[in-house]
Amino acid sequence: MLERIVEEVKNNPGPLTVGELARRLDIEESALSGMLDYLERKGRLSVFRPDECDGSGDMACVACVYGSGCPRASKKEKE
Amino acid sequence: MAKDRATVALAGNPNAGKTTIFNNLTGARQHIGNWPGVTVEKKEGSTRIGDLDVGIVDLPGTYSLTAYSLEEVIVRDFIAGERPDVVVNIVDASNIERNLYLTTQLAELGVPLVIALNMVDVARGRGIHIDVPLLGELLGSPVIPTVGLRNRGTMELKQVIADAVGGAKYRGFHVNYGREVEEEITRLEEAISADDTVSRELLGKYFPRWLAVKLFEEDERVAADLERLAGPDSEIFHRLEESRRHLLSIYGEDLETIIVDNRYGFVAGVVREAVEREREEYVSTTDRIDNVLTSRIWGFPFFALFMWLMFFLTFFLGKFPMEWIDRLVTGFANMVQTNLTSPAWLQSLLVDGVIGGVGAVLVFLPQIFIIFICISILEDTGYMSRAAFIMDRVMHWLGLHGKSFIPMVMGFGCNVPAVMATRTLESEKDRMITILVNPLMSCTARLPVYALFTSAFFAANQGTVTFSLYLMGIILAVVMAKVFRKFLFPGESEPFVMELPPYRWPTLKGTVVHMWERGSLFLRKAGTIILAGSIIIWLLSYFPRGVAYGSAQSLAGYIGRAFEPLVKPLGFDWRAVVALMFGFVAKEIVVSTFGALTGAGESRAAISGQLQQIFTPLTAYCFMAFTLLYTPCLATVAMIRRETGHWKWAAFAVAYSLALAWLIAFLIYRVGLLFGLKG
Ligand SMILES: Nc1nc2c(ncn2[C@@H]2O[C@H](COP(=O)(O)OP(=O)(O)OP(=O)(O)O)[C@@H](O)[C@H]2O)c(=O)[nH]1
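Residues numbered from 1 in each chain as written. Chains lettered and ligands numbered in written order. Predicted model: local features only at pLDDT ≥ 70, side-chain atom pairs only at ≥ 80, totals over all residues. Heavy atoms only, no water.

Turning next to the overall build of chain A. Secondary structure summary: chain A contains four helices and one strand in total. Along chain A, helices and strands appear, N-terminal first, in the series α-α-α-β-α. A total of 79 residues make up chain A; the buried ones form 57% of that total. Once local pairs closer than 6 in sequence are excluded, the contacts in chain A between residues at least 24 apart make up 23%. When the accessible surface of chain A is summed, it comes to about 3,400 Å², and 45% of that surface belongs to carbon and sulfur atoms. (Helix = DSSP H or I, 4+ residues; strand = E, 2+ residues; numbered from the N terminus. Buried < 20%, exposed > 50% of the residue type's maximum accessible area, 1.4 Å probe, protein only. Contact = heavy atoms within 4.5 Å. Areas by Shrake-Rupley, 256 points an atom, 1.4 Å probe, with all protein chains shown as cover.)

The next subject is the pattern of salt bridges. Summed over all chains, the structure comprises 36 salt bridges over all chains. Across the pair B:D53 and B:R5 runs a salt bridge whose closest N-O atoms are separated by 4.0 Å. A residue pair is termed long-range when its members are at least 10 positions apart, and B:D53 in strand β4 (residues 52-58) and B:R5 in strand β1 (residues 5-12) qualify at 48 residues. The partner of B:R179 in a salt bridge is B:E183, and the shortest N-O contact between them spans 3.0 Å. With B:R179 and B:E183 both in helix α7 (residues 179-194), this residue pair falls four residues apart, about one helical turn. Relative accessible area serves as the criterion here: at 31%, B:E183 is assigned to the partly exposed category. If you follow the salt bridges from partner to partner, you end up with A:R41, A:K42, B:E218, B:D254 and B:E256 in one network. (Salt bridge = Lys/Arg side-chain N within 4 Å of Asp/Glu carboxyl O.)

Our next topic: unusual backbone geometry. Residue and element names in this part refer to chain B. The omega torsion across F543 and P544 is -5°, close enough to zero to call that bond cis. Relative to the helices and strands, P544 is located in the loop between α23 (508-542) and α24 (555-567). Non-glycine residue M119 carries a positive phi angle of around 60°. Mapped onto the secondary structure, M119 falls in the loop between β6 (113-118) and α4 (120-125).

So, about the pairing of strand β2 (residues 30-34) of chain B. All names here are of chain B. As paired strands, β2 and strand β3 (residues 41-49) are joined by five bridges and run antiparallel to one another. Following the sheet pairing, Q30 is matched in β3 by G45. Adjacent in sequence and paired antiparallel, β2 and β3 are bridged by six residues, among which G37 carries a positive phi angle near 80°. (Pairing = 2+ DSSP bridges.)

Residue and element names in this part refer to chain B. By nearness alone, 16 residues border the ligand, and K18, T19, T20, D121 and G148 come closest of all. Measuring from a nitrogen atom of the ligand, one finds a side-chain N or O atom of D121 at 2.9 Å. Ranked by residues supplied to the shell around the ligand, first place goes to helix α1 (residues 18-26) with three residues. Here the shell around the ligand is built from residues that sort into six nonpolar, eight polar and two charged. (Near = heavy atom within 4 Å. Polar contact = N/O pair within 3.5 Å; in protein donor to acceptor, adjacent residues only side chain to side chain. Nonpolar A, V, L, I, M, F, W, Y, C, P; charged D, E, K, R; others polar.)

What follows deals with the nonpolar core. A general tendency of soluble globular proteins is for nonpolar side chains to be buried together. Residues and elements named next belong to chain B. Membership of the largest hydrophobic core comes to 124 residues, with the highest contact counts inside it found for F453, F594, F615 and F623. Broken down by element, this core gets its largest block of residues, twelve residues, from helix α22 (residues 462-487). Beyond its immediate stretch of four places on either side in the chain, F615 contacts F453, F457, F572, A576, F594, A620 and F623. With 66 residues, the next largest nonpolar core counts V57, I96, V181 and V270 among its residues. (Core = buried A, V, L, I, M, F, W, Y, C linked by side-chain atoms within 4.5 Å.)

The subject of this paragraph is the domain arrangement of chain B. All names here are of chain B. According to the domain assignment, chain B consists of domain 1 (5-165), domain 2 (179-285) and domain 3 (303-674). Distance from the C-alpha centre of domain 1 to the C-alpha centre of domain 2: 23 Å. In this assembly, 30 residues from domain 1 lie in contact with 26 residues from domain 2. Surface buried jointly by domain 1 and domain 2 totals about 2,700 Å² across both partners, of which 60% is contributed by carbon and sulfur atoms. For the pair domain 1 and domain 2, the number of links is three salt bridges. In this structure, the salt-bridge partner of D77 is R221, at a minimum N-O distance of 3.1 Å. Counting the contacts that link domain 1 with domain 2 gives nine residue pairs in polar contact (both at pLDDT 80 or more). Elements with a minimum of two residues in the side of domain 1 that touches domain 2: α2 (70-82), α3 (96-108), β7 (128-130) and α5 (132-139). (Domains from an automatic or database assignment. Buried area = accessible area lost by both parts, 1.4 Å probe.)

With that settled, consider the environment of B:Q105. With respect to the helices, strands and loops of the structure, B:Q105 is situated in helix α3. Ignoring any residue separated from it by four or fewer positions in sequence, one finds B:Q105 in contact with B:Y63, B:S64, B:L65, B:T66, B:K214 and B:R263.

So, on to helix α11 (residues 235-251) of chain B. All names here are of chain B. Its 17 residues place the ends of α11 24 Å apart at the C-alpha level, agreeing with the 24 Å of an ideal helix rising 1.5 Å per residue. Burial in α11 covers these residues: I236, F237, R239, L240, S243 and L247. All buried residues of α11 fall inside an arc of 150° around its axis, so they share one side. Exposed residues lying more than 90 degrees from the buried face of α11 are R245 and S249. The inward-facing, buried residues of α11 contact α7, α8 (196-202), α9 (208-216), α10 (220-230) and α12 (255-274). At the exit of α11 stands G252, carrying a positive phi of roughly 70°. (Expected span 1.5 Å × (residues − 1). Arc of directions from axis to C-beta.)

Moving on: the environment of B:A638. Relative to the elements of secondary structure, B:A638 occurs in helix α29 (residues 634-644). B:A638 sits 222 residues away from B:V416 along the chain, and the two C-alpha atoms are 8.8 Å apart.

Before going further, it helps to examine the side chain of B:N118. If you trace the backbone, B:N118 turns up in strand β6. Using a relative accessible area of 3% as the deciding quantity, one classes B:N118 as buried.

Before going further, it helps to spend a moment on the side chain of B:S592. All names here are of chain B. Along the chain, S592 falls in helix α26 (residues 589-598). Judged by relative accessible area, S592 falls into the buried class, the value being 0%. Not counting residues within four places of it along the chain, the set of residues in contact with S592 comprises G357, A360, V361, I530 and S534.

The next subject is the packing of helix α14 (residues 299-339) of chain B against helix α16 (residues 365-381) of chain B. Residue and element names in this part refer to chain B. Put simply, α14 and α16 touch, their axes get as near as 7 Å, and they point 145° apart. Relative to α16, α14 is oriented so that their crossing is right-handed. For the pair formed by α14 and α16, the contact residues are M310, F311, L313, T314, F315, L317, G318, K319, P321, M322 and I325 on the first element and L365, P366, Q367, I370, I371, C374, I375 and L378 on the second. When grouped by side-chain class, the residues that make up the contact of α14 with α16 number 15 nonpolar, three polar and one charged. (Axes fitted to C-alpha atoms, helices over the stretch in contact; angles between N-to-C directions. Left-handed = near helix turned anticlockwise from the far one by under 90°.)

Before going further, it helps to spend a moment on the pairing of β3(B). Bridge count for β3(B) against β4(B) is seven bridges, and the pairing is antiparallel. Paired with B:R48 across the two strands is B:D53, which belongs to β4(B).

Residues and elements named next belong to chain B. Read from one edge to the other, the open sheet built from seven strands follows the order β2-β3-β4-β1-β5-β6-β8, with strand pairing classed as mixed. Unpaired on one side and paired on the other, β2 and β8 (143-145) mark the two borders of the sheet. On average, adjacent strands in this sheet sit at an angle of 25° to one another, irrespective of strand direction. Along the sheet, helix α6 (residues 154-165) makes contact with β1, β3, β4, β5 (86-92), β6 and β8, crossing β5 at roughly 145°.

What follows deals with the confidence of the model for chain A. Confidence along chain A averages 70 in pLDDT terms, with 61% of residues attaining 70 or more. The secondary-structure element of chain A with the lowest mean pLDDT is helix α4 (residues 71-78) of chain A, recorded at 42, while helix α3 (residues 29-41) of chain A shows the highest, at 91. (pLDDT = per-residue confidence, 0-100.)

This part is about the packing of helix α20 (residues 428-437) of chain B against α29(B). Residues and elements named next belong to chain B. Interhelical geometry of α20 versus α29 gives an angle of 170° and a closest axis separation of 11 Å. Of the possible angle classes, the one that applies to α20 and α29 is roughly antiparallel. Together, R431, M432 and I435 of α20 and I640, E643 and T644 of α29 make up the contact between the two elements. (Parallel < 35°, antiparallel > 145°, perpendicular 65-115°, else oblique.)

Here it is as structure tokens:
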């Protein structure tokens, strides 16, 4: 199962979204997301989640304009 | 004798509805505290079922029971340590495949399990049909459908809890890891049971099978406990090592992956049997939108359309407030000029240098703010992630792989954090390529330059001309990435998947906050770097004493003319050289330079008039292209040095982009001339 995911991602000609991959392998999207987490931790592939930017610059969000002025980063500091 | 007190723990994935079910079960009788020693919230409550007093503990939501997170450790420690009479596993029916993964691990802990199949309403709405009796059969546990939100199924759930406490026997289940693995697990279990210390200390809480499986999973806490109790040289660890070697030779995988894979396999099997998804599967609004916006055919055209629209709006809406600021700046300059007549140099410094230089950039504040609003909206709706996805697809067409294009979209904002963001790329080669081409993405600092020149030369088509420059940046970034991949950093990149967030409506507050956070940084820049740049340009334009301000005889003129031959073939004169030189510090200073060079805190119209004497529409376009491409700004160069670890690469970035800028401007100029445009 996990191997199939890695193969599919590797052989895919073009970028791939989790949704598209889930459809192809007929795995529920959220379950696939969990499997991808695991594979990512194992360094087998990487998952990019633009939504999860914490403004640290290590996981910068798309269209970040100023690293230091990121609203999400300043929010995080306040917390 | 029947029990009259019992403890029940609620476990489940985050957002499966645990808290809702907890409230349904306990009503108002609850108490909120913290788990000992940590700040994770602990909710406890109680209820009566018939004669039975039931204490209920809401465990933290987790996806799994590894030792990687505090929450997971709390859950397993509680279940193993406190041995609740029943664990109610709240399973989100609409994400059943993911949720059942936790179920497999709860089952391994060997406590009586009751499953509350929650959110069945959502599942039904999505065309997911679950055969509940069959699911119960497959899991060897009672399964109660619930709708937490409407308090449905609570009575049934209570009844099953009472039955389970009262001694009803359920078969339960455990994942079968396959003959080879099971044999190894059994051997390890035997080794664990044979160790006296371990038996005494741990086996009261944990089953040997659980410990064995955890050792296979490379669970650090279990390994540490066993090492402490049995010693690293004990039979347990010898056995483990042997199993590892043996199974690796068979499966070619590490033990953890074998275990995890089997669990997912088990869940997939259960789902295949007991869950049916309608052919006409539920299509979310996000999917529907994405079918168009990220489609192979329409993705890029829509992306281009949004970009064009953004620039159109920027210039269309920005025109009006710009006039006001313009008037304000000119009025201020006039006031200073009339009230402060001596010393003459100070008047010139304030009016020509400071107000002329900084003011020239500040008039474009409305445009900057509007573009930030647009970027904020695109980002907050979730479209920006799609933009990255679409751009990535373009890269793939060129035989490039990987997520290297994602920081590129960030470059539209500012190249500095974009270069920093390349840290997300694991492949060193991808990273280098991305860093090197990132400055070609047109950042917002270039916008005032486009705004100034398009208003002077292309007033009717400001948005479209600006759009063409952005597009040029993207195309050249893609081409250069291809070139670098081929000649400097050949190789494949690692595979990756992108998780696109659902679309959302942007909120007014969010948009305004984002806009302000970014816009205020621009203002700060105007008050610092741009101000300093303007003063230096004033100095160079004012001295040596006695020459006409900003003339070819001034220091600025002297420097500009020294390099003029280099840009002559592009149709630029010495003033362009000075502007570009100072623009290296920050690209907005290109605008300040023209503001300061033309002097007298002129209104924008006057600067435009001056520009029209220096440039033609053709050379103005070449100049904008040159500004877009030539060398990253100082801050970006410093960041490139930091991120690549070498000055060599920073220098290379400067050199190649200068060469590229010259070449492209030259081509545009020559082709323009061929078509009979005025040079
Ligand atoms: N439609 C529907 N919504 C539900 C149901 N049960 C809970 N919800 C909603 O789902 C959301 C999450 O529920 P919670 O009870 O907070 O979930 P939780 O598992 O406690 O979440 P964590 O605290 O993150 O672990 C809430 O908005 C609930 O109102 C259900 O059966 N159907």
